[in-house]
Every structure is written in C-alpha cells, then in structure tokens.
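Chain by chain, the residues:
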Amino acid sequence: MTAAAFAAALALGLLGALAGMAAPRRVRPFVAGSCTAASGGAGVVAGVAALTGHPWTAWLPHLLPLAGTRLAIDPLGGLFIAVTGAVGVCAGVYGIAYARPLGRAVQAVTPLFLAAMLLVPAAASVSTFLLAWELMAVASLLLVLAEHRHRASVREAGLWYAVMTQAGLVALLGGLVGFAAAAHGESFARLREAGHALSPGVRAAVFLAVFAGCASKAGIVPLHVWLPRAHPEAPAHVSALMSAAMVNLGVYGVVRVGFDLLGGGPVWWWLVVLAAGAASALYGILQAVVATGLKRLLAYSTCENMGLVLIGTGAAGLLAHAGAHTLAALALTAALLHVVNHAAFKTVLFLAAGSVVRAAGTGNLDALGGLRTRMPVTTVLFGVGALGASALPLGSGFVSEWLLLQGLIKAHGSGGTPMAVTMPLAVAVVALTAGLAVATFVKAFGVGFLARPRSDQAGSAAEVPDAMLLGGALAAACCVLLALVPAAVVPGVARAVRVLVPGPDAVTGAATLRLHGVASTLSPLWIAVALAVALAVLRLGVARRARRKARLWDCGMGPLSARMEYTATSFAEPLQRVFENVLAPETGVHVTPLAESSYLVERVTYRARVGDRIERRLYRPVIAAAARCGEGARRLANGSVHRYLGYGFCAFTGVLIVLAVTR
Amino acid sequence: MTPAGALGAAAQVVLVGAGSPLLVGAMRQVRARMEGRAGAGVAQPWRDLRKLLRKEAIAADGTGPLFRIAPLVLAATALVAAAVVPIATTASPLDGSADLFAVTALLALGTVALALGGLDTATAFGGMGASREMVVLALVEPTILLSVFALSGRVGSTDLGAIVGSALHRPELVVSPVSLLAAVALAVVVIAETGRIPVDNPATHLELTMIHEAMVLEYAGPDLALVEWASAMRLTVLLGLFANLFAPWGIADASGAMPPVIALPIAMAVFTGKVALLGGALAAGEVFMAKLRMFRVPELLAGSFVMALLAVAASYFLA
C-alpha cells in the first residue's frame with residue numbers, strides 16, 4: 001500500500017514535469033496542475049498508510065552510481081509525507097488557474113519540486129537524503145526565479161535564496177558526511193546503531209552542523225533572511241509549497257538526526273534549539289506585526305511558527321534527557337501538531353494572498369481594503385486562515401499552542417534548574433508571540449479585506465477563477481477540521497512521536513483532548529458548540545431587526561474619504577513604538593521651507609521604513625567584506641600577460657621550493 | 001456533563017447576565033458619591049440597556065457583515081466564559097473547557113471580533129481604537145499566562161476548577177508569596193482587560209484618548225446595548241475570577257458535602273458580595289487616579305509581567 005502509493009506519487013510528479021514541458025499550451029496548466037494535485041494525493045495516501053502501520057523500506061542499488069538509493073517510510077517520515085502531499089493537492093489545484101500566465105518553467109518544475117519534497121522524508125541513507133534535499137533546493141530556486149524577467153527584485157531574492165540554501169546544504173553535507181565517516185556506513189540504520197557510541201565532540205559537531213543546515217531551510221533567525229525576500233517574489237502556489245511544506249523538512253531534519261539517529265543529546269544542544277526557536281518566534285512575529293506587504297507578513301509569520309515548533313522540540317529534548325519521557329512526548333506531539341496546523345493555515349493564507357495580488361495587482365496592505373464585497377470567497381478563506389494563525393479558539397493553531405504551553409508548564413518541575421529557568425521564559429515568549437500574532441492577523445485581515453478600498457487597484461479587484469478558490473477551500477476545510485476535531489490527526493502525530501520518544505501516547509481522547517499524566521483537558525468542539533448556541537440565542541433574542549442606513553460619524557465635516565482610514569502602517573505604529581529598541585525603524589522628516597522665508601513651510605516629506613535589523617547588522621558587513629575582497633582580487637588581474645606569466649612562474653617556483661624542503 | 005455542573009452553569013450565566021449591569025451601576029454610584037454627586041442609581045445601566053434595546057437598529061454606511069456580527073460574538077464569548085469560569089461552583093459544565101488558557105483566548109476572541117468591527121467602519125476612530133486595543137491585548141497575554149503558570153504549579157493543572165478547589169482545601173496557599181505576586185500581576189491585567197483607569201477611561205468623551213470607546217463609536221441602538229452588556233459581563237467575569245482565585249471561600253465545591261440546591265444560592269450570594277466589594281474598591285481607586293498616557297501603558301504592563309515572572313520563580317524555588 002505504502003510502496004504503491006509512494007511510487008505513484010513520484011511517477012505522477014515526473015509525469016507532471018513532462019506534461020509541463022511538452023503538453024500543448026492550451027491544456028498545459030490543467031495537466032500539470034492535475035498531476036501535481038494527484039501526486040500530492042498519492043503522497044497523502046502513502047503517508048497515512050505509513051502512519052497507520054504499513055512502514056516500507058526499499059534498496060535500489062542501481063538507481064544511483066556508487067551509493068545506490070535507500071528509501072524507508074516510517075511513521076515519522078509518513079507524517080511529513082502526508083503533510084507535504086496535502087499541501088501539494090491544494091497548491092496543484094490552485095495552480096491550474098493561477099499558473100496559466102506564468103510560462104512553461106513553472107508548470108514543469110512545480111510537480112518536480114513536490115516530488116523532491118516527498119522524497120526527503122523517505123530517504124534512508126545520507127546520499128539519498130542529500131540528493132533529495134538538493135533536488136528540492138534547486139527546484140524551489142528555479143520556481144522563485146520564475147518571474148525574473150518582469151521584476152528586478154526577483155533576481156535579488158533569488159540570489160539571497162540561492163546563497164542561503166546552498167550554505168545550508170554545505171553545513172548539512174559536512175555534518176552528515178562526517179557522521180557517516182565516523183559511523184563507517186551511510187545508511188540511517190547504521191547511523192542509528194553507531195550514533196550513541198561516537199565521541200561527544202563528533203556528536204556535537206554533527207548535531208550543530210545539521211541544525212545549522214536545517215535551520216536555514218526552516219527560516220530560523222538569524223538564517224531567515226531569504227524568507228521575507230523569496231516569498232513575496234515567488235508565485236503564490238510555490239510560496240504555499242515552500243512555506244507550508246518545505247520549511248517543515250528543516251524541522252524533520254532536526255528531529256530525525258537529533259532524536260532518532262543520534263539518540264538524543266546533552267542539555268546544551270536542546271538549549272541551543274530552544275533559544276533559536278524563541279529568538280525566531282519573537283523576532284518573526286515582531287517583524288510580521290509591522291510588515292505592510294501581505295506576503296512579507298506571511299513569510300515572517302512562518303519564521304514565528306517554525307520558532308514555536310523548535311521551542312517544543314527543544315523542550316522535548318531537554319525532557320527526554322532528564323528522563324521524563326511522557327512529558328517529552330507531550331512537547332514533541334505539540335511541536336509536530338503545530339507543524340500540521342501551520343501547514344494547513346499557511347497554505348490557505350498564501351493561496352488567498354496570491355489571489356489578492358493577482359486580482360488587485362498589489363499585496364501592499366496600505367493600498368488594499370474593501371475586498372470583502374469584491375472577493376467574498378477569498379475573504380472568507382483568508383479569515384479562516386487568519387483565525388488559525390492567531391491561536392484563538394475556533395482556529396487550528398489554538399490547539400497546538402495550548403498543548404505546547406501545557407508541555408512547557410509541566411516541564412518546569414522536572415529536570416532541575418535549567419528547566420526552572422528556561423521554561424518560564426519560554427512560556428512568556430510563546431504568550432507574547434500569541435498576543436502579537438493576534439494583532440498581526442487582525443491587521444492583515446481587518447486592513448486588507450474589511451473597510452473601504454485604499455486605492456483604485458483594490459477598488460477594481462474581482463473574484464478569482466474557481467480553481468483558485470477550490471485550492472484555497474480544500475486547505476480551509478483542513479483548517480476547520482483540525483480546529484474542531486484535532487483528535488482526527490492526534491493519533492497519527494502520536495505514532496510519529498513514538499518513533500522518537502518511546503512510551504504511551506501523550507494525548508488521547510475524541511471530542512475532548514486528554515493528556516497522559518497531566519490533569520488538563522481541552523474540548524475545542526464543545527467550545528465551538530457552546531459559542532454557536534450562545535450566538536443563536538442572542539441572534540434570536542436581540543439582533544433580528546430591519547436596519548436603517550445611517551451616516552458614519554464624521555465630526556460634522558462631511559463624508560469621510562478613504563485617505564482618512566487607518567492603514568496597516570498606522571495600525572502597527574503603537575506596537576512599533578513599544579518595540580522600538582528591537583525593530584530600530586528608520587524614520588526621517590524633511591522640511592522644505594519657502595524661498596522667501598525659512599519660517600514658512602512649502603513641503604514636508606516623511607519617510608518611515610522598518611528594515612530587517614539582523615540582515616543589516618549581520619549580513620551587510622559580511623557582504624561588504626566579500627565585496628572588498630573581490631575588489632582587491634580584481635587589482636591582481638589587470639590584463640597584463642606579463643603579470644600572469646609572472647604569477648605562474650612564482651607559483652611554480654614556490655611549489656618546487658616547498659617540495660624541495662619537505663621531501 | 002454532570003447535572004450539578006449544568007445547574008451551576010445556568011445559575012452563573014443568569015447571575016452574571018442579570019447582575020453585571022448592576023455592578024457597573026454600583027461602581028458608578030460609588031464614584032459619584034465620592035465625587036460629591038448624587039449619582040443615577042444602581043439600576044441606571046439596566047434602564048440604559050432597555051432604552052437602547054427599544055431603539056431601531058442602524059446599519060452605518062459602508063459597513064459589512066462583520067460589523068454587525070461583532071457585538072453578538074462579543075456577547076457570546078462573554079456568556080460562554082461566564083458559564084465555564086468557576087464563579088459559583090467549581091464543577092465545570094463543559095468538561096475541560098474551564099482551562100484558564102481557553103477562557104483567556106475566548107475573551108480575546110470577543111475583543112478581536114470587536115476590533116475587526118471597528119476596522120470595518122473605515123473611520124479613523126475605529127481603526128485607532130482597534131489598533132490600541134490590540135496593543136493592550138498583545139502585551140497583557142504574557143502576564144496572564146505567566147500568572148496561570150505560577151498558580152497552576154501547586155495543583156499541576158491549568159484547570160480553573162482545580163486551582164480554585166485546591167485553594168479551598170488548603171487556605172495557607174493563598175497567602176504564599178507566589179499567590180500574592182500573581183495577584184498583583186493579575187490585578188493589573190484585569191484593569192487593562194476591562195478598560196478601566198489608569199489604562200482606559202470608560203467614561204471618556206474625548207475620541208483621541210479613547211481605546212475601547214473609539215472602537216465602538218459607530219454602534220447604536222440594540223448593537224450598542226449588546227456591546228455595553230457584554231463589557232459589563234466581562235468585567236464581572238474577570239473580577240469574579242480574580243476574587244475566586246485568591247479568595248475562593250463560599251464557592252460550591254464540586255466534591256463538597258452540601259447538595260447543590262443549597263450550596264449554589266449561598267455561593268451566588270457570597271460571590272455577589274465579593275464582586276461588589278472588588279468593584280467598589282476599583283471605583284474608589286479610580287476617583288484618585290488619572291488615565292495614563294497611551295505610551296506609558298506598556299510600562300505598567302511590563303511591571304505586571306515582572307511580577308508574574310517573579311511569581312513563577314518563587315513557585316519553583318519556594319516549592
């Protein structure tokens with residue numbers, strides 16, 4: 001079952017790529033999109049089959065020279081394959097209509113990208129894993145660059161992404177190859193056997209290298225700089241695939257290597273993970289709350305959510321090290337459930353954002369507004385996603401954040417002073433993140449979709465084609481299901497967790513979630529029912545009356561114009577002021593006086609921008625140093641043939657001298 | 001769902017629904033008397049609600065369905081919170097929904113609905129109120145969760161019924177440093193969440209300083225009645241929760257010997273007294289205080305956050 005479905009998923013991905021290249025132009029988007037969706041569907045089947053107890057391994061010695069290909073799908077891999085596949089279904093359906101004007105390359109590479117992502121969690125040897133990883137990176141890079149002819153900013157984003165993803169690969173390659181060399185074998189089974197027995201120095205080096213490589217893929221601060229650049233420039237369904245599926249694989253790499261292959265590690269490893277997660281969650285959501293570009297905001301929200309996942313992972317590692325396996329399983333269940341939830345709501349959000357950009361021609365929140373009358377379905381879809389992302393009841397993120405907080409609170413008492421110090425801070429970070437996420441998504445939804453259009457472009461937007469709505473609606477349905485009946489997926493997540501942390505399921509129950517060993521319960525379904533009953537009663541009792549139209553309060557000055565509305569920038573200004581020390585916004589006021597008198601003002605210009613401070617402080621100096629080295633190197637090569645011959649002569653003499661001295 | 005729980009929930013909803021406007025009236029009366037005015041009487045909020053409910057419903061120009069549904073959502077979340085929070089009984093009717101996170105998030109959902117309603121009006125005041133309310137909400141959240149963290153330490157659960165029940169059985173826990181620090185932190189949070197002085201002024205008429213009132217500026221008639229009623233209910237629920245977390249005596253215990261028919265009326269009477277006392281103290285405090293500048297509010301909330309952090313630290317090191 002697993003094998004057949006997985007093979008079908010890969011075959012359909014390749015078929016989609018061929019169709020994207022060769023099919024006639026008229027049917028090309030439909031065929032390529034359908035193949036992508038079908039490949040994703042087969043991936044879901046394979047993943048669910050692996051989760052329900054049909055693991056699968058394969059050894060294909062002739063597929064790759066030297067190393068061969070080794071595949072294995074266990075419940076952990078199955079979970080990530082199922083999530084990736086589900087995102088692929090939505091993105092494929094959406095792409096049928098969305099990718100029509102985008103050209104051949106996007107349609108051919110998208111199914112290939114999905115197939116590569118499905119392959120990563122199935123890889124069971126270092127060479128296969130790295131190959132799938134690189135295939136995924138290159139395919140996504142091609143997709144990010146899809147519109148490079150139209151906008152110069154695409155090229156810059158592509159360059160950033162290429163450098164970050166390849167640097168990540170180098171780290172991952174170094175770590176895993178070193179691991180394989182020390183373990184005298186490259187299959188994951190061999191690494192698992194040898195992982196415990198390696199020297200602590202080697203284990204730490206492997207873990208840190210793998211963590212750095214995976215963190216750059218997951219968009220963890222400070223390796224996140226590619227996310228807010230690549231997402232706004234990539235096509236929307238590619239953004240959804242990258243932000244809802246690809247970043248998860250960074251988490252997969254960390255838990256696979258950290259928990260499974262290395263078999264856990266000392267306290268400081270997990271403190272590093274926890275600290276990176278906390279920094280990422282806070283920094284990501286602070287940038288998201290002040291962002292004005294819709295897709296940039298969503299990209300930073302991805303940083304935040306992956307940070308939350310890493311907080312759960314780090315806490316689980318600490319607990320497992322302290323021997324509290326039940327609580328470790330709880331924290332890890334929370335983290336992996338958040339991966340699933342994040343995939344669901346981020347898919348909806350990116351697809352809806354893509355529809356907005358396509359229909360209104362801009363993703364700038366300061367220029368949007370009023371879409372609820374012009375694009376009602378898209379508005380509802382974005383609303384469902386935003387509710388999930390803001391961790392409020394009736395949203396999917398609420399359940400996993402509740403589990404995460406339960407895990408962190410319970411971890412406080414077990415594991416000694418490191419836990420006692422870190423857990424309250426982690427809870428505070430999660431709580432502040434949750435509060436700021438609410439503000440972020442109230443801004444995104446309230447300013448972007450409600451009120452009145454703030455520009456002519458937004459005023460002339462029209463609803464997008466049905467296929468795009470259907471793609472978003474599928475993901476929104478998943479969001480609603482996850483929010484109301486989390487028990488539908490919790491057993492699967494628990495099985496994946498059991499691969500990493502032995503012991504009983506941490507979370508059980510049907511309508512009410514019960515935690516193993518912790519006296520806390522939650523029933524999202526009952527909360528929803530109670531709210532619905534209260535709403536119905538109130539609606540019957542109070543609000544059922546004909547309404548008279550009336551003017552808004554305009555202070556008696558006449559009708560209000562759209563220029564008087566609060567914009568996204570003004571909405572976030574108080575928070576920007578509160579967190580001024582972290583965000584370091586750049587503002588400038590320039591007053592031009594009249595020529596006759598310096599006391600009379602002719603014009604005032606105000607400029608405000610919140611850049612990425614980490615990028616400015618950490619990356620700019622490195623880039624500047626590299627550029628200086630390049631300039632210096634250029635002076636060495638001035639075009640004179642004599643000089644080049646001189647260099648050759650000196651080098652040759654040098655080599656001879658070295659040889660003469662050392663031999 | 002146990003019969004005792006269902007009975008308790010119904011009693012709580014009725015008590016909060018009917019009593020909360022009276023609480024607001026009593027608080028206004030205390031203020032009026034202390035400021036040397038006669039005051040309008042304790043029942044004035046109910047008379048206002050009746051007047052508003054009889055008016056015709058208004059659809060402000062350019063507003064959409066969210067603007068209309070927001071007061072309903074606000075009132076519904078307040079009602080559900082009133083049903084699940086241990087006000088008169090520790091037996092929760094909805095199994096496992098009396099979790100403090102869930103209640104906080106539920107109340108936040110109501111705030112978010114109202115903020116979206118404010119943004120939907122497309123006026124500067126609506127947006128301004130929504131923006132400020134979100135700032136307060138975002139900064140209040142860490143304090144609430146950390147206080148819960150500190151209080152949950154002694155019972156090993158974040159279930160409100162369990163926390164209140166444990167304080168009932170072991171009164172010495174209530175005067176521990178953990179409890180006192182958490183109480184100070186939560187007091188600031190309750191003031192901020194309910195929009196009282198010094199964070200917000202519920203009686204203000206100056207739009208530029210408003211938080212909550214700016215957000216609801218466009219509501220009129222029955223909609224405004226719902227918003228006012230829901231705000232009063234939220235005030236009652238939060239004050240009652242605060243009272244029962246730190247002085248739970250009199251509440252009908254789920255495991256108690258008294259049958260609920262006798263215990264519930266007693267608990268409701270005691271609760272009314274407790275909330276009236278707290279509300280009176282709050283109103284009296286407001287007479288001597290001015291509203292803080294908007295950008296000083298984060299400092300106040302940061303202070304409460306530090307208190308909560310100290311409470312958590314104390315809960316570990318003094319345990």
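### Notes on the overall build of chain A
Moving on, step 1. When helices and strands are counted, chain A shows 25 helices and eight strands.
Moving on, step 2. Taking 663 residues into account, the globule formula puts the C-alpha radius of gyration at 26 Å, and chain A, at 27 Å, falls close to it.
Moving on, step 3. Its C-alpha atoms put chain A at 95 × 75 × 65 Å along the principal axes.
Moving on, step 4. Split into buried and exposed, the 663 residues of chain A put 58% on the buried side.
Moving on, step 5. Contacts in chain A between residues at least 24 apart in sequence constitute 78% of all its contacts with a sequence separation of at least 6.

### Focus: the overall build of chain B
Moving on, step 1. Per the secondary structure count, chain B includes 11 helices and one strand.
Moving on, step 2. Reading the secondary structure of chain B in the N-to-C direction produces α-α-β-α-α-α-α-α-α-α-α-α.
Moving on, step 3. For chain B, the residues scored as buried account for 63% of the 319 residues in total.
Moving on, step 4. Across chain B, contacts joining residues at least 24 apart in sequence account for 80% of those joining residues at least 6 apart.
Moving on, step 5. Only carbon and sulfur atoms are counted for the fraction: they give 70% of the accessible area of chain B, which is about 11,000 Å².
Moving on, step 6. Charged side chains in chain B number 19 positive and 21 negative. The centres of these two groups are separated by 8 Å.

### Details of the interface of chain A and chain B
Moving on, step 1. Counting residues at the interface gives 75 residues for chain A, matched by 76 residues for chain B.
Moving on, step 2. Overall, the association of chain A and chain B removes approximately 6,200 Å² of surface from exposure, summing both partners, and the carbon and sulfur fraction of that is 73%.
Moving on, step 3. Of all residues in chain A, Arg547, Leu552 and Tyr566 of chain A bury the most surface against chain B, accounting for 11% of the area lost on that side.
Moving on, step 4. Seen at the junction of chain A and chain B, the total is four salt bridges.
Moving on, step 5. Notably, a salt bridge pairs aspartate 223 of chain B with arginine 547 of chain A, separated by 2.9 Å at the nearest N-O pair.
Moving on, step 6. In this assembly, chain A and chain B are joined by 15 residue pairs in polar contact (both at pLDDT 80 or more).
Moving on, step 7. Elements that contribute at least two residues to the side of chain A that touches chain B include exactly helix 16 (396-411), helix 17 (416-449), strand 5 (518-522), helix 21 (524-541), strand 6 (547-550) and helix 22 (568-578) of chain A.

### A word on the pairing of strand 1 (residues 57-60) of chain B
Moving on, step 1. In strand 1 of chain B, alternate side chains face the same way, and those of Ala57 and Ala59 of chain B on one face and Ile58 and Ala60 of chain B on the other are all buried.
Moving on, step 2. Across four bridges, strand 6 of chain A lies against strand 1 of chain B in parallel orientation. Within strand 1 of chain B, the position partnered with arginine 548 of chain A by the bridge is isoleucine 58 of chain B.

### Comments concerning unusual backbone geometry
Trans is the common state for peptide bonds, and a negative phi is the common state for residues other than glycine.
Moving on, step 1. With omega at 5°, the peptide bond leading from valine 221 of chain A into proline 222 of chain A counts as cis.
Moving on, step 2. Tracing the chain through its elements places proline 222 of chain A in the loop between helix 8 (200-218) and helix 9 (227-233).
Moving on, step 3. Note that the residue after isoleucine 197 of chain B, namely proline 198 of chain B, is joined by a cis bond; omega there is 10°.
Moving on, step 4. Following the sequence through the fold, proline 198 of chain B ends up in the loop between helix 7 (177-193) and helix 8 (212-215).
Moving on, step 5. With a phi close to 55°, histidine 184 of chain A is a non-glycine residue in the positive phi region.
Moving on, step 6. Within the secondary structure layout, histidine 184 of chain A lies in the loop between helix 6 (152-183) and helix 7 (188-195).
Moving on, step 7. A positive phi angle, close to 65°, is found at alanine 122 of chain B, a residue other than glycine.
Moving on, step 8. With respect to the helices and strands, alanine 122 of chain B occurs in the loop between helix 4 (100-120) and helix 5 (124-152).

### Observations regarding helix 13 (residues 325-360) of chain A
All names here are of chain A.
Moving on, step 1. The terminal C-alpha atoms of helix 13 lie 51 Å apart, and with 36 residues this matches the ideal 52 Å at 1.5 Å per residue to within 8%.
Moving on, step 2. Of all 36 residues in helix 13, 31 are buried, a share of seventy percent or more.
Moving on, step 3. With its phi angle positive at about 80°, glycine 361 sits one or two positions after the end of helix 13.

### Notes on the packing of helix 3 (residues 75-98) of chain A against helix 19 (residues 466-484) of chain A
All names here are of chain A.
Moving on, step 1. Running from amino to carboxyl end, helix 3 crosses helix 19 at an angle of 165°, the nearest separation of the two axes being 7 Å. Of the possible angle classes, the one that applies to helix 3 and helix 19 is roughly antiparallel. The interaxial crossing formed by helix 3 with helix 19 has left-handed handedness. For the pair formed by helix 3 and helix 19, the contact residues are Val89, Cys90, Val93, Tyr94, Ile96, Ala97 and Tyr98 on the first element and Ala467, Met468, Leu470, Gly471, Leu474 and Ala475 on the second.
Moving on, step 2. Broken down by class, the residue content of the contact of helix 3 with helix 19 amounts to 12 nonpolar, one polar and no charged.

### Digging into the pattern of salt bridges
Once the charged atoms of two side chains with opposite charge are near each other, the side chains can pair.
Moving on, step 1. Under the definition given, this model contains 25 salt bridges over all chains.
Moving on, step 2. Across the pair arginine 634 of chain A and glutamate 631 of chain A runs a salt bridge, and its minimum N-O distance is 3.7 Å. Taken together, the positions of arginine 634 of chain A and glutamate 631 of chain A, both in helix 24 (residues 613-636) and three residues apart, correspond to about one turn of that helix.
Moving on, step 3. Relative accessible area serves as the criterion here: at 59%, arginine 634 of chain A is assigned to the exposed category.
Moving on, step 4. Its relative accessible area of 44% is what places glutamate 631 of chain A among the partly exposed residues.
Moving on, step 5. Ionic pairing is found between arginine 196 of chain B and glutamate 286 of chain B, a salt bridge with its closest N-O pair at 2.9 Å. With a gap of 90 residues between them, arginine 196 of chain B in the loop between helix 7 and helix 8 and glutamate 286 of chain B in helix 10 (residues 260-287) connect regions that are remote in the sequence.
Moving on, step 6. Take arginine 196 of chain B: its relative accessible area is 11%, and that puts it in the buried class.
Moving on, step 7. The network of salt bridges with common partners includes Arg31, Glu35, Arg37, Arg196 and Glu286 of chain B.

### Examining the confidence of the model for chain A
Moving on, step 1. For chain A, the average pLDDT comes to 91, and 98% of its residues sit at 70 or higher.
Moving on, step 2. Here strand 5 of chain A stands out as the element of chain A with the lowest mean pLDDT, 71, in contrast to helix 15 (residues 376-389) of chain A, whose mean of 96 is the highest.

### Notes on the side chain of glutamate 133 of chain B
All names here are of chain B.
Moving on, step 1. By the secondary structure assignment, glutamate 133 is in helix 5.
Moving on, step 2. For the buried glutamate 133, no salt bridge exists, and the shortest N-O distance to an oppositely charged side chain is 5.5 Å, to arginine 234.
Moving on, step 3. If near-sequence neighbours (up to four positions away) are discounted, glutamate 133 is found in contact with Thr111, Ile211, His212 and Met215.

About the criteria used
Residues numbered from 1 in each chain as written. Chains lettered and ligands numbered in written order. Predicted model: local features only at pLDDT ≥ 70, side-chain atom pairs only at ≥ 80, totals over all residues. Heavy atoms only, no water. Helix = DSSP H or I, 4+ residues; strand = E, 2+ residues; numbered from the N terminus. Rg over C-alpha atoms; globule rule 2.2 N^0.38 Å. Buried < 20%, exposed > 50% of the residue type's maximum accessible area, 1.4 Å probe, protein only. Contact = heavy atoms within 4.5 Å. Areas by Shrake-Rupley, 256 points an atom, 1.4 Å probe, with all protein chains shown as cover. Lys, Arg positive; Asp, Glu negative; His and termini not counted. Charge placed at Lys NZ, Arg CZ, Asp CG, Glu CD. Buried area = accessible area lost by both parts, 1.4 Å probe. Salt bridge = Lys/Arg side-chain N within 4 Å of Asp/Glu carboxyl O. Polar contact = N/O pair within 3.5 Å; in protein donor to acceptor, adjacent residues only side chain to side chain. Pairing = 2+ DSSP bridges. Expected span 1.5 Å × (residues − 1). Axes fitted to C-alpha atoms, helices over the stretch in contact; angles between N-to-C directions. Parallel < 35°, antiparallel > 145°, perpendicular 65-115°, else oblique. Left-handed = near helix turned anticlockwise from the far one by under 90°. Nonpolar A, V, L, I, M, F, W, Y, C, P; charged D, E, K, R; others polar. pLDDT = per-residue confidence, 0-100.

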